[in-house]
Amino acid sequence: MKKMISMVLPSLLVLSAAVNAEPPAKEPLCRACHGANGASPIMDTYPKLSGQNQGYLVSALKSYRAGERQGGMAALMSPQAAGLTDEEIDSLSAYYSSQQ
């Protein structure tokens, strides 16, 4: 039993650290519409970002930034994503995918 606890505890600590990770510097831009931790959007038509697949978030933000994504929220999201670097997109995507 002690061996099992010693194996599980470090994993739980890593998971806890990821969930409670510090928000990236650009996170306030997202929070304005998607809510704290990306979990409480201000409108029903805005998606929750918390727990979203990291690869999907990266792809969506890069598509908005490149002007490749049309319709829906593109008119709102493209200007927001236009100012993000690849590193900022990666950081935001990792942060939101780790939120619960």
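This text goes with the structure placed above it.
### Some points on the overall build of the chain
Consideration 1: Summing up its helical and strand segments, the chain has five helices and zero strands in all.
Consideration 2: In sequence order, the secondary structure elements of the chain are arranged as α-α-α-α-α.
Consideration 3: A total of 100 residues make up the chain; the buried ones form 28% of that total.
Consideration 4: Counting every atom, the chain has about 6500 Å² of accessible surface; 61% of that belongs to carbon and sulfur.

### Brief notes about the state of the cysteines
Consideration 1: Overall, the coordinates contain zero disulfides when judged by the stated rule.
Consideration 2: We note that C33 lacks a disulfide partner, and the nearest cysteine sulfur, in C30, lies 9.0 Å from it.

### Overview of the nonpolar core
Consideration 1: Counting 14 residues, the largest nonpolar core has L61 and Y96 as its most contacted members.
Consideration 2: The set of elements that each furnish at least two residues to this core consists of helix 3 (54-66), helix 4 (74-82) and helix 5 (86-98).
Consideration 3: The contact partners of L61, leaving out residues within four places of it in the chain, are M77, A81, L84, I89 and S93.

Scoring rules and cut-offs
- Residues numbered from 1 in each chain as written.
- Predicted model: local features only at pLDDT ≥ 70, side-chain atom pairs only at ≥ 80, totals over all residues.
- Heavy atoms only, no water.
- Helix = DSSP H or I, 4+ residues; strand = E, 2+ residues; numbered from the N terminus.
- Buried < 20%, exposed > 50% of the residue type's maximum accessible area, 1.4 Å probe, protein only.
- Areas by Shrake-Rupley, 256 points an atom, 1.4 Å probe, with all protein chains shown as cover.
- Disulfide = S-S within 2.5 Å.
- Core = buried A, V, L, I, M, F, W, Y, C linked by side-chain atoms within 4.5 Å.
- Contact = heavy atoms within 4.5 Å.

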